[in-house]
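Descriptive structure summary
Residues per chain are reported as follows:
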Amino acid sequence: MTDLNEKTIQSKTIYEGKIINLKIEDVELPNGHTGRREIIEHPGAVAVIAKTAEDKLVLVKQFRKPLERTIFEIPAGKLEKGEDPRESAIRELEEETGYRCNELQHLVSFYTSPGFANELVHIYFTDSLIQGERHLDEDEFLENCEVDLNKALEMIRDRRIYDAKTVYAVQYMQLLFSK
């Protein structure tokens, strides 16, 4: 097998933000030529598939500026520097929905867009919800919504659920209920 690694020749950070950094890297390609890579650095994120006692999926409805539209998503948020993903998932669930949980199971972690970003999302599942108190960030505006599996599938078809982590959550719920 050919070595497919790219060797970094030069790296320059051109933007440092609150959520992401953007850097440009000149690389030596496996064939000896050079190329340029635009890379978004992200601290990572967590998301929680939360199932109520009534077998409903907990979603949050919020406006997403990059899409210029409102969509429904599972509760999620970015990792704080040095934060354990499990602790972040517990925190984000309560902040966004008001629910706490007794148990939390890690399901999977995946890179969202490995062609240009290093964002790693950790997905957790809980069905042991306890009503708590919601604590939204000052720039966060969202509404809770609880839907059954059929409604969630309909929301995917009509593009009210439109992001990969939430589509994954609905498909996970489908598998859970098909057992």
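Everything that follows concerns the structure shown earlier in this document.
A brief look at the structure comes next. Note that residues are indexed from 1 along each chain, following the sequence as it is written. With the structure being a predicted model, the display of local features is reserved for residues of pLDDT at least 70 and the display and counting of side-chain atom pairs for 80 or more, all residues being used for whole-chain, interface and lining totals. To obtain the side-chain values, all non-hydrogen atoms of the structure were used and water was disregarded.

**Some points on the nonpolar core**
Keep this limit in mind: Nonpolar cores were defined as sets of buried Ala, Val, Leu, Ile, Met, Phe, Trp, Tyr and Cys residues, with membership established by side-chain atoms within 4.5 Å. Categorising residues by exposure relies on relative accessible area from a 1.4 Å probe, with only protein chains included: less than 20% of the type maximum marks a residue as buried, more than 50% marks it as exposed, and the intermediate range marks it as partly exposed. In DSSP terms, a helix is any run of H or I states spanning at least four residues, a strand is any run of E spanning at least two, and both are numbered starting from the N terminus. Any pair of residues with heavy atoms lying within 4.5 Å of one another is described as a contacting pair.
Counting residues in each nonpolar core, the largest one holds 21 residues, and the members touching the most others are I49, L57, L59, I74, I161 and V170. Where this core is concerned, the elements lending two or more residues are strand 4 (45–50), strand 5 (57–64), strand 10 (120–126), helix 2 (149–157) and helix 3 (164–177). Setting aside chain neighbours within four positions, we find I161 in contact with L59, F72, A152, M155, I156, T166, V167 and V170. Of all hydrophobic cores here, the second largest spans eleven residues; its members include V46, V48, Y99 and L104.

**Re the side chain of Q62**
As for its placement among the helices and strands, Q62 is situated in strand 5. For Q62, a relative accessible area of 8% translates into the label buried. Excluding anything up to four places from it in sequence, Q62 contacts R69, T70, I71, E73, F141 and L142.

**Observations regarding the sheet that holds strand 5**
Our working definition: Two strands pair under a simple rule: DSSP has to find at least two bridges between them. Axis lines are fitted to C-alpha atoms, over the contacting stretch for helices. Their N-to-C directions set the angle, which ranges from 0 to 180 degrees.
An order of 6-5-12 is seen for the three strands of this open sheet, with the pairing classed as antiparallel. Lying at the two open borders of the sheet, with one neighbouring strand each, are strand 6 (69–73) and strand 12 (143–147). With strand direction ignored, the average angle separating the axes of adjacent strands in the sheet is 30°. Both strand 5 and strand 12 contribute to a ladder of five bridges, which runs antiparallel. Within the sheet, the bridge partner assigned to V60 lies in strand 12 and is N144.

**What about unusual backbone geometry?**
Even without being glycine, E68 reaches a positive phi, approximately 55°. Positioned with a positive phi, R159 is a non-glycine residue whose angle comes to about 65°. Relative to the helices and strands, R159 resides in the loop between helix 2 and helix 3.

**Focus: the layout of surface pockets**
Here is the rule: Residues are called lining when one of their atoms sits within 4 Å of a cavity or pocket point, these points coming from a 1 Å grid over the protein atoms alone, where a cavity is a set in which a 1.4 Å probe fits but cannot get out and a pocket is an open set with protein on both sides within 12 Å along at least five of seven lines. Grid points are joined across faces, edges and corners, and a volume is the space filled by probe spheres set on the points. Residue polarity follows a fixed list, in which Ala, Val, Leu, Ile, Met, Phe, Trp, Tyr, Cys and Pro are nonpolar, Asp, Glu, Lys and Arg are charged, and the others, Gly among them, are polar.
Quantified by volume, the largest pocket comes out at close to 1,400 Å³. Lining the largest pocket we find 37 residues, and of these I19, H42, R64, E73 and E119 sit closest to its centre. Residue assignment for the lining of the largest pocket shows that the elements contributing at least two residues are strand 4, strand 5, strand 6, strand 7 (76–78), helix 1 (85–97) and helix 3. For the lining of the largest pocket, the leading source of residues is helix 1, giving four residues. A class-by-class count of the residues in the lining of the largest pocket yields 16 nonpolar, five polar and 16 charged.

It is worth stressing that arrangement in space is one thing and function is another; only the former is reported here.
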